[in-house]
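One-letter residues, chain by chain:
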Amino acid sequence: MTLRGDLALITKLINADARVLDLGCGTGDLLASLQAEKNVNGYGLDKDPTNIQVCLSKGVNVIEQDLDAGIANFADDNFDMVVMTDALQAVRDPRGLLREMLRIGEECVVTFPNFGHWRCRAQLGLRGHMPVPKHLPHHWHNTPNIHLCTTQDFERLCHEENFRIIQRRVVNTPYREHWSITLAPNLMASHAFYRLGRPS
Amino acid sequence: MNSAAVSVGIVSPQRFHSVAPLTLQNGSVLDTYELVYETYGTLNTDKSNALLICHALSGHHHAAGLHQEDDAKPGWWDACIGPNKAIDTNAFFVVSVNNLGGCHGSTGPRSINPNTGKTYGPDFPHVVVKDWVNTQAALADHLGIDVFAAVVGGSLGGMQALQWSIDYPDRLRACVAIASAAKLSAQNIAFNEIARQAISSDQDFNEGRYFEEEKNPDRGLGLARMIGHVTYLSADGMGTKFGREVKSGDFDAGYDVEFQVESYLNYQGRAFTQYFDANTYLLMTKALDHFDPARETKGDLVSAFQKATCKYLVLSFSTDWRFSAARSQEIVDALVRAKKNVASAVIESEHGHDSFLLPIERYTNALKTFLDQLLIMQKGESE
């Protein structure tokens, strides 16, 4: 099975036998791969009935839960890694959820689309319409993304919250890295990947 | 499609007579007992496809198919058990048993106490979920089943499935608890107590010895069923089904108006007294109230699950307020903390607690997918 680029990246970070919680696990690809390859004790939360059905067909530990209702039911320090891919921008309280992720897990991995990408800037700044770039294909009236941010915004939040940025990867739309992106990430990256630790 | 194509067809109950003395949790001993059960499907050669069905408060062994061609209704879970259904009898060998203390053929209050030669009645010992699990395990021994592929139950049946995973961790690969709870809430116990009071305050109850006078506490038992029935439905579900529709009478003619919902409940209450025993109802509701596997681990449900090795599926329904989704979430949270494999879903349905008996598409799909996946994995492991 070929994993989406960001998921392949996350897989590399996770130790064998680790305990992983995947927030907004979708169709369970990451967990299925972690279970098969790394004997991970993983759980995924999702609220979409279709996604849950697909997870069941893969034998993934999927739990029906809406992230916007919070994740207070999980105990402190219960996981090695809490993962949230491409969902930060769609939740009601991103800051609260990030705090919760680092309460439950030793570390967390967060990926999100970068709204600072030059296409976003060009479409709004030059053409005057809400950006609909390749990496954010929804229109303003039907987007689930209510809290879009740039990598700069995200890092500012991490600074305010004293989250430790252990690793950052910035990629283009096919989830590839390139020297030009590393040079000017907030302008060139379509997606950002952050591995965070608790305040030291 | 004719009904035979989607049903297990004609089935016959079988009997298991245990001659090994059974010590119950309360210390009393039954020297012998009988369990009546049915099976659907075929046990495979390595006996790896057995699936146990645990029934709820008013359930019994007849879960699927018909006893006779002209039966008005099939078994109580025919919506879910049959060829290609959620519990696929082409794949699984399904065992469905009437619990000890029941009133459908297994030893219970209506049986003769061999020591006295008289009907047990109210003297039948108090049984709890653990006792049922022990007797079901004895039946499994009798059938040559070492390990169940899954133990499945709704409501009180889900409690038995959970207890199985704790008491016999090596004897099941999966536990499915549907519309269940790790223990009853105060509100839930309260409803059971009202039902019990309805029965025991019936003037024909005679302290449980109604049969000696050839009477039956029909009014009390019927009332208990009516109370239960209301709590198994949701307000919206009742609204959709009955609204304020009038069955008979006329508002202009005075008070003599019977609403459809009244007629329905009265019918349900009356019908129940024809096939259910009042002493069994008292016994079953007490077993429900007392269930709490965490009692043995000082109230810590996470520790209670520690020894379990099976996978879990926990299903609940959006409008079930008797066994709400929050109760199922408590089970899930404890299982996650205990590092057990668990999947859960909250099924949208307007039918309240009764949903678990109905062919709701998302529900049956989820159940079928989980169970089918077990066999796929099993096959993968043995290759």
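Above this note sits the structure.
Here the structure is a predicted model, which is why all the values come from computation and not from measurement. Throughout, a residue's number is its position along its own chain's written sequence, starting from 1. Chain letters start at A and ligand numbers start at 1, both assigned in the order the entries are written. The model is predicted, so local features are restricted to residues of pLDDT at least 70 and side-chain atom pairs to those at 80 or more, both for listing and for counting; the totals for chains, interfaces and linings are taken over all residues.

**Points about the overall build of chain B**
As a reminder, the rule being used: In this text, helices come from DSSP runs of H or I with a minimum length of four residues, and strands from runs of E with a minimum of two, each type numbered from the N-terminal end. It is over C-alpha atoms that the radius of gyration is taken, and the globule rule equals 2.2 Å times the number of residues to the power 0.38. Between the buried cut of 20 or more and the exposed cut of 12 or fewer other C-beta atoms within 10 Å of a residue's own C-beta lies the partly exposed class, and all C-beta atoms are placed from the backbone. Throughout, a pair of residues is in contact if the C-beta atoms placed from their backbones lie within 7 Å.
Helices and strands together make up the secondary structure of chain B, namely ten helices and 16 strands. Here chain B has a C-alpha radius of gyration of 21 Å; the compact-globule value for 383 residues is 21 Å, and the two agree. By its C-alpha atoms, chain B is 75 × 50 × 50 Å across when sized along the principal axes. The proportion of buried residues among the 383 residues of chain B is 50%. Partitioning the intrachain contacts of chain B with sequence separation of at least 6 by distance along the chain shows that 70% fall at a separation of at least 24.

**Brief notes about the interface of chain B and chain A**
It is common to give the size of an interface as the accessible area that goes away when the parts come together. Formally: Polar here means any residue other than Ala, Val, Leu, Ile, Met, Phe, Trp, Tyr, Cys and Pro, which are nonpolar, and Asp, Glu, Lys and Arg, which are charged; Gly is therefore polar.
Across the contact, 19 residues belong to chain B and 15 residues belong to chain A. For the side of chain B that touches chain A, the secondary-structure elements that each account for two or more residues are helix H9 (325-337), strand S16 (342-347) and helix H10 (361-382) of chain B. The leading source of residues in the side of chain B that touches chain A is H10 of chain B, at seven residues. Here the side of chain B that touches chain A is built from residues that sort into nine nonpolar, six polar and four charged.

**Some remarks on the packing of helix H1 (residues 5-13) of chain A against helix H2 (residues 29-38) of chain A**
Residue and element names in this part refer to chain A. Under the convention used in this document: Every angle, taken between N-to-C directions, lies between 0 and 180 degrees, and every axis is a line fitted to C-alpha atoms, over only the stretch in contact when it is a helix. Helix crossings are classified by the rotation of the near helix relative to the far one: an anticlockwise turn of less than a right angle makes the crossing left-handed, while a clockwise turn makes it right-handed.
Where H1 contacts H2, the axes come no closer than 10 Å and their chain directions differ by 35 degrees. Handedness of the H1/H2 crossing: right-handed. Within the contact between the two elements, H1 uses Leu7, Ile10 and Thr11 and H2 uses Asp29, Leu30, Ser33 and Leu34. Here the residues of the contact of H1 with H2 sort into four nonpolar, two polar and one charged.

**A closer look at unusual backbone geometry**
Excluding glycine, residues mostly carry a negative phi; peptide bonds, for their part, are mostly trans. Residue and element names in this part refer to chain B. The phi dihedral of Ser155 falls on the positive side, at around 60 degrees, and the residue is not glycine. Among the secondary structure elements, Ser155 is positioned in the loop between strand S11 (150-154) and helix H2 (156-167). Overall, Ser155 belongs to the buried group, with 27 C-beta atoms counted inside 10 Å. Here Lys298, not a glycine, exhibits a phi torsion of approximately 55 degrees, which is positive. Among the secondary structure elements, Lys298 is positioned in the loop between helix H7 (278-290) and helix H8 (301-304).

**Some details on the nonpolar core**
Residues and elements named next belong to chain B. Filter applied, for reference: By our criterion, buried Ala, Val, Leu, Ile, Met, Phe, Trp, Tyr and Cys residues that link up through C-beta atoms within 7 Å make up a nonpolar core.
Membership of the largest hydrophobic core comes to 162 residues, with the highest contact counts inside it found for Leu51, Ala150 and Cys175. Counting residues per element, this core draws most heavily on H7, at seven residues. Look past the residues within four positions of Leu51 in its chain and what remains in contact with it is Ile87, Phe92, Phe93, Val94, Phe148, Ala149, Ala150 and Val152.

**Points about the sheet that holds strand S2 (residues 41-46) of chain A**
Residue and element names in this part refer to chain A. The condition that has to hold: Here the rule is simple: two strands pair whenever DSSP picks up at least two bridges between them.
Judged by pairing direction, the sheet is mixed, and its seven strands sit side by side in the order S3-S2-S1-S4-S5-S7-S6 without closing on themselves. Two strands in the sheet have a free side with no partner beyond their single neighbour: strand S3 (62-64) and strand S6 (164-171). Neighbour-to-neighbour, the strand axes of the sheet open up by a mean angle of 15 degrees, direction not taken into account. Bridging between S2 and S3 involves three bridges; their strand directions are parallel. When the sheet's bridge partners are listed, Gly44 is paired in S3 with Val62. Set on the sheet, H2 makes contact with strand S1 (19-23), S2 and strand S4 (79-85); between it and S2 the angle comes to about 170 degrees.

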